[in-house]
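Structural overview for review
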Amino acid sequence: MRLPRPLPLAALALSLLSSPALATPSPAPDAALLQLARSVKTSPGRLPTLTVKGAQVGLPLEHTRVHAELATHVARVDVTQTFVNDHDAPIEAVYVFPLPENSAVDDMIITVGDRTIRAQIKERKAARLTYEAAKQAGHTAALLEQERPNIFTQSVANLPPGERIEVHLRYVQTLTYDVGEYEFVFPMVVGPRFSPGTPTGKQGDGWALDTDQVPDASRLGPPIMGVGERTGHDIDLEVVLDPGLPLIDLQTPTHKTDAWSEASGLMHVSLAEDDRIPNRDFMLRYRLDGDAPQAATHVFRKAGAPEGHFMVVLQPPTLDVDHLVGQRELLFVVDVSGSMSGAPLAQAKAALRLALQGLRPVDTFNVITFAGQTARLWDRPRPANDTHLAHALRFLDGVTAGGGTHMADAVEQALAPQVEPGRHRYVFFLTDGYVGNEAALFDGARGLVRGLKAKGQRARVFTLGVGSSTNRHLLDGLAKAGDGLASYVTLRETPHRAINRMYRLIDHSVLREVRIDWGDLPVRDVEPAELPDLFASRPLVIHGRYVGQSAGEATLTAIGPNGRPVTLTIPLDLPLASNRAPAAPTLWARQRVATLSQRLWRGHDAEAVKAITAVGLKHRIVTAYTSFVAVDDSRKVGDGRPAKVIQAAEAPEGVDPAMAGGAMLGKSTGARGTLAVMGSAGDVGGLSNMFGDAVGEVQGFGGLGTIGAGRGGGGLGSGGGYGRGAVLGRRTRAPRISNAVPQVMGSLDGHAVHRVLRKHANQFRYAYEKQLRANPTFKGRWELVITIGPDGKVAAVQLADEAQAKTDFGKALLRIAKRLRFPKPAGGGKVVVRYPLVFTPGN
């Protein structure tokens, strides 16, 4: 069942008249409208409503439907995006959205009324020219472009008034498999990306400026709605799982789901009706009863075709998993930029506390933080004794979020120093990955790791993605460049699983210098061309092509953790015809593009671009240099000058919109008017809150002029005004937490106590916003009574009202307060703090 589409929610303004006209704010919604808002299970808060001559209009993306089929190690996914034009003239809709970082998009079809048009694959520039020509001719057209392997832009031109268009996308990907557990992830929102460098202008429709280091930054970031604001877009997702073996465990840690099974063994999992807001990634994990085969081969070849494709999934041999890989030096590198503010940083800190507990006395370690600048706990790693661990915990407690994500310096500081003789270095990045200069980071990490290896030293990079919608392209790529692996922890689970897995990876055996001898088998173009190290819990997935017909064995050789050679035999049957794995050619092409793309990490490579383009065109997949374009030339819609609508995105769950640019304004110009997408309740000028040293620039519309100045990062909002139409939005109020000055009884400075409480205010806010999701009118006064011990730790905490302490919200407040750390009282002894909090929902 599709949720009702609340047109007044997240509304925008459009003027398509020949003469200028200012839009005016609508009156407050009536009771029926408020009831509608609550019926769609939005986050708390009221969305801005904008009117043009009394009419309210909504964003063009109405609904997304996802159907995924999982079998063995492969997922085939269909995504249908429904766009609707609620305006009285044609529009052009632009939507930036995520897909999995290892997906291969191999088909696009648009449905306009009773007409169905299948897209053509073309070189990116040619596809754009085809699209622009169709737009100017008044024809409806759709264009799909890749900005990053996990970020795409969908453009739909000349969407007729009052009509819907469906855009159908198909992609395939390999599933993650680790220690018997499969994982399927469908990303739902693009988080804000920080782009370092000097601003150079703006070529795209996003809110960011292009820079000399990220020349396409303006194409990576859609406008983001604020806390409590909705785009009116919902999602419907169904996964059909063909396990093959009995299913013994199935979890969806990120969403509420409904599940049922068929007599045939197929399992269906779908989103629950009240959990369809696309503000966090969907994650499904499952286990099967029985051991996976050591080598599983999947082959596809059309009868009569000159070549076939295969995929081999190779499980590592059973080794001594308790064998340690030398003495360890562990470096924990924590992202403390603005996008990590609140829940993400709290989760990162919780993960790091667990990681510190897992250190052995013979280990050495250090903690590095990065945002606008990089800071380290000590100048060099120190032994993991009680004194140093306590020092690290105090350092961690004092860390706060703010500033830009300058990650390159952190990579340099973690990997450049020499490794102490006899030790192996393991670097762990804890971050949401919200940066735009991924290629430069990959190149830097790879160069530094290889440089140490050339000196006979060993270093590996592991990443822990923290948050609801992390940048997996960055996290997976950085780990791969550093000979490590990536792990993830969402905001809806504890970090224990991820940290346990992290230690399992570094403590367990690894096969190095992996090579495969294909013998007389007619195999060629094997991907990845350079085989990675093989961890004890992770399979090695190999893609390749073959000619002729053959059956035989390949031989894998590697160096084990004890320095001894390891050999494994891989049986292969390569027939003249097989339809068992129709996705094999596409998956080979996707991996081939990934390998060629590594040549671009250091800058433009014409031969690599040419090769990527050739693979994309031959195998009909979207790449950075090939795009899908579809044109309906059966009719003419309008005069070829549609107003552009930039589709806004939900704020990623747990990301503080005020710290991540608060209100972001997507601008649009068209010959017949201007249109804007309004963002959050925060200051429109505050785009630089997340980015610290960046300038947040906001265009003015229709002569509206200056929008306002941002807080914290010094961002400025400015406007010159242009175009015929005009836009004016009403700001909404976010949920509020009012607090009095805490009453301090004992030998501790009240200002010092207040600073600690203010530093953790976002944690209380996050707990309140979670409560508001269940009860949008929830409010009240809650008084914490905190007892601080002589060491500055919280010895006891309670609520003044005992009845409140028994509620879920009260327990959440107590958990946050229990984790606080204060300065040590000057005179020793205990200190009691009474801290009243008043919670008020937004309006």
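Scope of this entry: the structure provided in the associated data block. (Residues numbered from 1 in each chain as written. Predicted model: local features only at pLDDT ≥ 70, side-chain atom pairs only at ≥ 80, totals over all residues. Heavy atoms only, no water.)

Spatially, the four strands line up as an open sheet ordered E34-E32-E36-E37, and their pairing is antiparallel. Every interior strand has two partners, whereas the edge strands, strand E34 (534–535) and strand E37 (565–574), have only one. (Pairing = 2+ DSSP bridges. Helix = DSSP H or I, 4+ residues; strand = E, 2+ residues; numbered from the N terminus.)

Along helix H7 (residues 472–481), eight of the 10 residues are buried, which leaves the element largely enclosed by surrounding structure. Looking only at H7, the buried set comprises Arg472, His473, Leu474, Leu475, Gly477, Leu478, Ala479 and Ala481. Once H7 finishes, Asp483 follows within two positions and takes phi at roughly 60°, a positive value. (Buried < 20%, exposed > 50% of the residue type's maximum accessible area, 1.4 Å probe, protein only.)

This brings us to a positive patch on the surface. Together, Lys770, Lys811, Arg815 and Arg819 make up a region of like positive charge exposed at the surface. Turning to its location among the elements, Arg815 is positioned in helix H14 (residues 808–818). (Patch = residues over 30% accessible without salt bridge, like charges linked within 9 Å, V, L, I, M, F, W, Y side chains within 5 Å. Areas by Shrake-Rupley, 256 points an atom, 1.4 Å probe, with all protein chains shown as cover. Salt bridge = Lys/Arg side-chain N within 4 Å of Asp/Glu carboxyl O. Lys, Arg positive; Asp, Glu negative; His and termini not counted. Charge placed at Lys NZ, Arg CZ, Asp CG, Glu CD.)

Time to look at the side chain of Asp178. Here Asp178 is to be found in strand E14 (residues 176–178). Ignoring anything within four residues of it in the chain, the contact list for Asp178 reads Arg501, Arg504, Ser537 and Arg538. (Contact = heavy atoms within 4.5 Å.)

On to the pattern of salt bridges. Enumeration according to the criterion identifies 48 salt bridges in this entry. A salt bridge links Glu92 to Lys135; the shortest N-O distance between them is 3.2 Å. Placement of Glu92 in strand E7 (residues 91–98) and of Lys135 in helix H2 (residues 124–136) is noted, with a sequence separation of 43 residues between them. Among the residues examined, Glu92 registers a relative accessible area of 3% and is labelled buried. Salt-bridge contacts for Arg592 lead to Glu527; the nearest nitrogen and oxygen are separated by 2.7 Å. Of this pair, Arg592 sits in helix H9 (residues 584–597) while Glu527 sits in strand E33 (residues 523–527), and the two are 65 residues apart along the sequence. Accessibility expressed as a relative area gives 26% for Arg592, which makes it partly exposed. Through salt bridges with shared partners, one network takes in Glu92, Arg124, Arg128, Glu132, Lys135, Glu145, Glu147 and Arg219.

For any two aromatic rings, the description comes down to two numbers: the centre-to-centre distance and the angle of the planes. Using the criterion set out here, one finds 19 aromatic pairs in the structure. Look at Tyr426 and Phe462: their rings are 6.3 Å apart centre to centre, the planes differ by 40°, and that puts the pair in the tilted class. Of this pair, Tyr426 sits in strand E29 (residues 423–431) while Phe462 sits in strand E30 (residues 459–466); the two residues are 36 residues apart in sequence, bridging distant segments of the chain. The exposure class of Tyr426 is buried, given its relative accessible area of 2%. Of the residues examined, Phe462 reaches a relative accessible area of 2% and is grouped as buried. By the ring-pair criterion, three or more aromatic residues cluster together here, those being Tyr768, Phe778, Trp782, Phe809 and Phe839. Sitting above the plane of the Tyr488 ring, Arg472 keeps its charged end 3.7 Å from the centroid. (Phe/Tyr/Trp six-rings, centres within 6.5 Å; stacked < 30°, edge-to-face > 60°. Lys NZ or Arg CZ within 6 Å of the ring centre and 35° of its normal.)

Any functional reading would require information beyond the geometric quantities listed.
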